[in-house]
Amino acid sequence: MFAANADYGVRSAPGTTKFTPQQLAEFNGTDDSKPVYLALKGVVYNVSSARKMYGPGSGYAVFAGKDASRALGMSSMKPDDCVADYSTLNAEQMETLDKWVLFYQKKYDIVGVVSN
């Protein structure tokens, strides 16, 4: 789990850290000294245990350091779809997004939330 550490520029208890989108982008897997995070529906998950899947050059790198809600709801790997706004998703896509949220909740630790 994420440990509050001045090196990461955040100082909050695990699960309560607030990230701006710009701060979240710093955890995109390009710096091996930092954890890898992604967000869904504004909730930030530590996916560092799967760094090989989310790190640069890997299949899911497009999601790292971003709120990928729309992209996962659409089952899209396009960088332009990796945005927090999922209001345009249809009912089937919302169901897909909700399934991804359940998956991430079960597999990864929550480290915080995205706030503007």
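Up top you'll find the structure we're talking about.
Summarised in this report is the structure supplied together with it. (Residues numbered from 1 in each chain as written. Predicted model: local features only at pLDDT ≥ 70, side-chain atom pairs only at ≥ 80, totals over all residues. Heavy atoms only, no water.)

Because side chains alternate across strand S2 (residues 37-40), one face comprises the buried residues Tyr 37 and Ala 39, and the other comprises Leu 38 and Leu 40, equally buried. Summarising the sheet, S2 and strand S3 (residues 43-46) pair through four bridges and their orientation is antiparallel. Directly across from Ala 39, in S3, lies its bridge partner Val 44. Count of turn residues in the S2/S3 antiparallel hairpin: two residues, of which Lys 41 carries a positive phi of about 50°. (Buried < 20%, exposed > 50% of the residue type's maximum accessible area, 1.4 Å probe, protein only. Helix = DSSP H or I, 4+ residues; strand = E, 2+ residues; numbered from the N terminus. Pairing = 2+ DSSP bridges.)

Attention now moves to the packing of aromatic side chains. This model, assessed by the stated rule, comprises twelve aromatic pairs. Measuring from ring centre to ring centre gives 6.4 Å for Tyr 54 and Tyr 108, while their planes differ by 85°; the resulting arrangement is edge-to-face. Here Tyr 108 lies in the loop between helix H4 (91-107) and strand S4 (109-114) and Tyr 54 lies in helix H2 (residues 51-54), a separation of 54 residues in the sequence. Classification of Tyr 54 as buried rests on a relative accessible area of 2%. For Tyr 108, a relative accessible area of 4% puts it in the buried group. (Phe/Tyr/Trp six-rings, centres within 6.5 Å; stacked < 30°, edge-to-face > 60°.)

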